[in-house]
Amino acid sequence: VGARDEELYGTVAEIAFPMLRDFDARHLSNLAYAYGLAGFVPGLRDIRTCDADADKTTSNSASGSPMTLFDVLAMEAIPRLHEFNSQHLTSLIWAYATTEYFHLGLFEAVA
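Residues numbered from 1 in each chain as written. Predicted model: local features only at pLDDT ≥ 70, side-chain atom pairs only at ≥ 80, totals over all residues. Heavy atoms only, no water.

### A few points about the side chain of D71
Then comes step 1: Position of D71 among the secondary structure elements: in helix 3 (residues 69-77).
Then comes step 2: Within the structure, D71 has its side chain in polar contact with the backbone nitrogen of T68 (distance 2.9 Å).
Then comes step 3: Among the polar contacts listed, one links the side chain of D71 to the side chain of Y101, at a separation of 2.8 Å. (Helix = DSSP H or I, 4+ residues; strand = E, 2+ residues; numbered from the N terminus. Polar contact = N/O pair within 3.5 Å; in protein donor to acceptor, adjacent residues only side chain to side chain.)

### Comments concerning the confidence of the model for the protein chain
Then comes step 1: Chain-level statistics for the protein chain give a pLDDT mean of 85 and a share of 78% at 70 or above.
Then comes step 2: Considering each helix and strand of the protein chain separately, the mean pLDDT is smallest for helix 1 (residues 3-16), with a value of 85, and largest for helix 4 (residues 86-98), with 97.
Then comes step 3: Predicted confidence is poor over residues 47-57, with pLDDT under 50, and the contacts of this stretch with residues over four places away or in other chains come to 16 contacts. (pLDDT = per-residue confidence, 0-100. Contact = heavy atoms within 4.5 Å.)

### Notes on the pattern of salt bridges
If the charged atoms of two oppositely charged side chains come close together, the side chains can form a pair.
Then comes step 1: What the rule picks out here adds up to two salt bridges.
Then comes step 2: Ionic pairing is found between R21 and E76, a salt bridge with its closest N-O pair at 3.2 Å. In this pair, R21 sits in the loop between helix 1 and helix 2 (25-38) while E76 sits in helix 3, placing the two residues 55 residues apart along the sequence.
Then comes step 3: By relative accessible area, E76 is classed as buried at 12%.
Then comes step 4: Here the salt bridges do not stand alone but share partners, grouping R21, E76 and R80 into one network. (Salt bridge = Lys/Arg side-chain N within 4 Å of Asp/Glu carboxyl O. Buried < 20%, exposed > 50% of the residue type's maximum accessible area, 1.4 Å probe, protein only.)

Quick look at the structure:
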């Protein structure tokens, strides 16, 4: 992913972020899949609407780095995994595996 691509993908993530709660399983998995194809996990500068109780220790962001789109996707997906069909679930997990982004909470919930 080139510098211009990172800017574009970052902008898309920032725009999508406030709408994620309205995404269904297909939308969540497709967004993750697109970033998996690009091999890019964008950080998020503005996480105001995330739950204050979100446990960042279950992701790559536990080291004190900013939350990423993948952290927020996982937080949105976990309580709704029952809505995911096999294709949605496969696409979601494939994206995390492809980008080597570890989110323990998501992987435990899927297992």
